[in-house]
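Commentary on secondary and tertiary structure
Listed here are the chains, written in short residue letters.
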Amino acid sequence: MAASDPNKLMTKADKLTRLSLTRWSADWKSATVLYEQAANGFRVARDYEKAKIAYEKASKGQEMLSSPWDAAKHMESAAALAKDLSHWQEVGDFYRRASELYMECGRPQPASDALAKGARALEDSMSEEAIQLYTDACTILEDDGREQMAFDLYRAATNVYIKLEKYTDAASFMLRLGLAADKCNATNSQCKAYLSAIIIYLYAHDFKQAEKCYNDCSQIDAFLRSDQNRCASKLLAAYTDGDVEEIKRIAQSSAISHLDHVIIRLARKLPTGDVSALKADNAEDGEEPLDENDLT
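Described below are features of the structure shown in this document. Residue indices begin from 1 for each chain and proceed along its sequence in written order. Per-residue local features of the predicted model are confined to residues with pLDDT of at least 70, and side-chain atom pairs are confined, for both listing and counting, to 80 or more; whole-chain, interface and lining totals are unaffected and use all residues. Excluded from the side-chain calculation are hydrogens and water; included are all heavy atoms of the structure.

The next thing to look at is the overall build of the chain. Secondary structure is summarised from DSSP: a helix means a run of H or I of at least four residues, a strand means a run of E of at least two, and numbering begins at the N terminus for each. Within the chain one finds 17 helices and 0 strands. This radius of gyration counts C-alpha atoms alone. The globule rule is 2.2 Å times how many residues there are, raised to the power 0.38. A compact globule built from 296 residues should have a C-alpha radius of gyration of about 19 Å, whereas the chain, at 27 Å, is more than 25% larger. C-alpha atoms of the chain, sized along the principal axes, occupy 110 × 30 × 30 Å. Looking at the chain as a whole, 44% of its 296 residues qualify as buried. Taking contacts inside the chain between residues at least 6 apart in sequence as the whole, the part at least 24 apart equals 56%. We get accessible surface area from the Shrake-Rupley algorithm with a probe of 1.4 Å; when it comes to residues, only the shown protein chains can shield them. On the chain, roughly 15600 Å² of surface is accessible, and the fraction owed to carbon and sulfur atoms is 49%. Relative accessible area decides the class of each residue, using a 1.4 Å probe on protein chains only: under 20% of the type maximum gives buried, over 50% gives exposed, and in between gives partly exposed. The contact rule is simple, with two residues in contact once any of their heavy atoms fall within 4.5 Å.

Bringing the packing of helix α5 (residues 88–104) against helix α7 (residues 127–143) into the picture now. The angle between two axes is taken between their N-to-C directions and runs from 0 to 180 degrees, where each axis is a line fitted to C-alpha atoms and a helix contributes only its stretch in contact. Contact pair α5 / α7: the axes reach a minimum separation of 12 Å and the direction vectors enclose 10°. As the angle between them shows, α5 and α7 are arranged roughly parallel. For the pair formed by α5 and α7, the contact residues are Arg96, Ser99 and Met103 on the first element and Glu129, Gln132, Leu133, Asp136 and Ile140 on the second. We call Asp, Glu, Lys and Arg charged. Ala, Val, Leu, Ile, Met, Phe, Trp, Tyr, Cys and Pro are nonpolar, and the rest, Gly among them, are polar. Taken together, the residues that form the contact of α5 with α7 break down as 3 nonpolar, 2 polar and 3 charged. Note on terminology: angles under 35 degrees are roughly parallel, angles over 145 are roughly antiparallel, angles of 65 to 115 are roughly perpendicular, and the others are oblique.

Grouped together as the largest cluster of nonpolar side chains are 98 residues, with contacts concentrated most on Ile199, Ile200, Leu202 and Tyr239. For this core, the element with the highest residue contribution is helix α10 (residues 187–203), accounting for 11 residues. Setting aside anything within four residues of it in sequence, one finds Ile199 in contact with Leu235, Ile256, Leu259, Ile263, Leu266, Ala267 and Leu270. Residues enter a nonpolar core if they are buried and are Ala, Val, Leu, Ile, Met, Phe, Trp, Tyr or Cys, with the set joined through side-chain atoms within 4.5 Å.

Here we take up helix α3 (residues 48–64). For an α-helix, the turn length of 3.6 residues means that residues three or four places apart are oriented alike. The span you would expect from a helix comes to 1.5 Å times its residue count less one. With 17 residues, α3 should reach 24 Å at 1.5 Å per residue; the first-to-last C-alpha distance of 24 Å fits that figure. Every buried residue of α3 is listed here: Ala51, Lys52, Ala54, Tyr55, Ala58, Ser59, Gly61 and Gln62. Residues of α3 that are buried make contact with α1 (6–17), α2 (28–44), α4 (68–84) and α5. Note on α3: the residue one or two positions beyond its end, Ser66, has a positive phi of about 60°.

A separate point is the pattern of salt bridges. Criterion for a salt bridge: a side-chain nitrogen of Lys or Arg within 4 Å of a carboxyl oxygen of Asp or Glu. All chains considered together, the criterion is met by 22 salt bridges. Residues Asp136 and Arg96 are paired through a salt bridge, measuring 2.9 Å at the closest nitrogen-oxygen approach. Here Asp136, found in helix α7, pairs with Arg96, found in helix α5; they are 40 residues apart in sequence, far enough to count as distant. Salt bridges sharing common partners tie together Glu49, Lys52, Glu56 and Glu90.

This paragraph deals with unusual backbone geometry. In this structure, Pro271 follows Leu270 across a cis peptide bond, with omega equal to -5°. Looking at the element boundaries, Pro271 is found in the loop between α16 (261–268) and α17 (275–285). The backbone phi angle of Ser66 is positive, close to 60°, even though this residue is not glycine. With respect to the helices and strands, the residue Ser66 is situated in the loop between α3 and α4.

This next bit is on the packing of aromatic side chains. Only Phe, Tyr and Trp rings are paired, with Trp represented by its six-membered ring, and only when their centres lie within 6.5 Å; those with planes under 30 degrees apart are stacked, over 60 edge-to-face, the remainder tilted. As enumerated under the stated definition, the model contains 7 aromatic pairs in all. Pairing Trp69 with Tyr102 gives two aromatic rings, centres 5.1 Å apart and planes at 65°, and the pair type is edge-to-face. Linking Trp69 in helix α4 with Tyr102 in helix α5, this pair joins segments that are 33 residues apart in sequence. The class of Trp69 is partly exposed, set by a relative accessible area of 31%. For Tyr102, a relative accessible area of 1% corresponds to the buried category. Ring geometry for Tyr167 and Tyr203: centres 5.4 Å apart, planes at 70°, overall edge-to-face. Of this pair, Tyr167 sits in helix α9 (residues 167–183) while Tyr203 sits in helix α10, placing them 36 residues apart in sequence. Of the residues examined, Tyr167 reaches a relative accessible area of 16% and is grouped as buried. Put simply, the rings of Tyr154, Tyr161 and Phe173 touch in pairs and so form one group of aromatic residues.

No statement about biological role is implied by the geometric values presented.
Below is the structure:
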């Protein structure tokens, strides 16, 4: 029983990796097996701090043995334990390292997945880091031509930006999803992304940017002919007319009801500012009213 004591296994493994007068080279093969056994032992004993350290060392061992796949798996285990311990900085660091190891194996999908796991774990405690992890996870898939696998990651990053009230960044990520969907010929996702971006701008009460976004996206034929385009057009027209009731009615339409829940919630809160000011601005920009008595 003493031989399976995880503390003793760790001590023995550490000795095998240390050089001395009698040991001129580290025995990583034997040590790694012991670290793995110790990690399992600590986990069973619910000593998660020591289990985390054991998995870190087991990962290092597999790396030294030129087994990046196994090293990545152990690093993910260490990251999951760091999450249980609320060691948030380590969560991000470990999942990043796992991702790097998966990339060494030429496996972009699990590399992206590892970053996404880290991002989900950090959404509440380290939101900015979560966004960076989501962004890097998307980039890995984009570089590998797997944009369609990143759709949920674009949405997740957008949601975090909205939580942080960084609406311009949120809209930009929706437009990035639209571009990715275009490459995959995923027309429905593309059009939903464009409408979502317009709604985000309107929620931020940036009508000019919403209008510009609509005009830019309407250059794309798929969006121009879509239900989402018609919905966006009516919404912008209602803003131009300063028609609050019409804005609220459009926010309940089926085109918006089929968007992501976070975007639906934003749409249902429209308008967020004084739209009568927009109507006044548009009236001033228009032509002077015709004077029927002036025949010149």
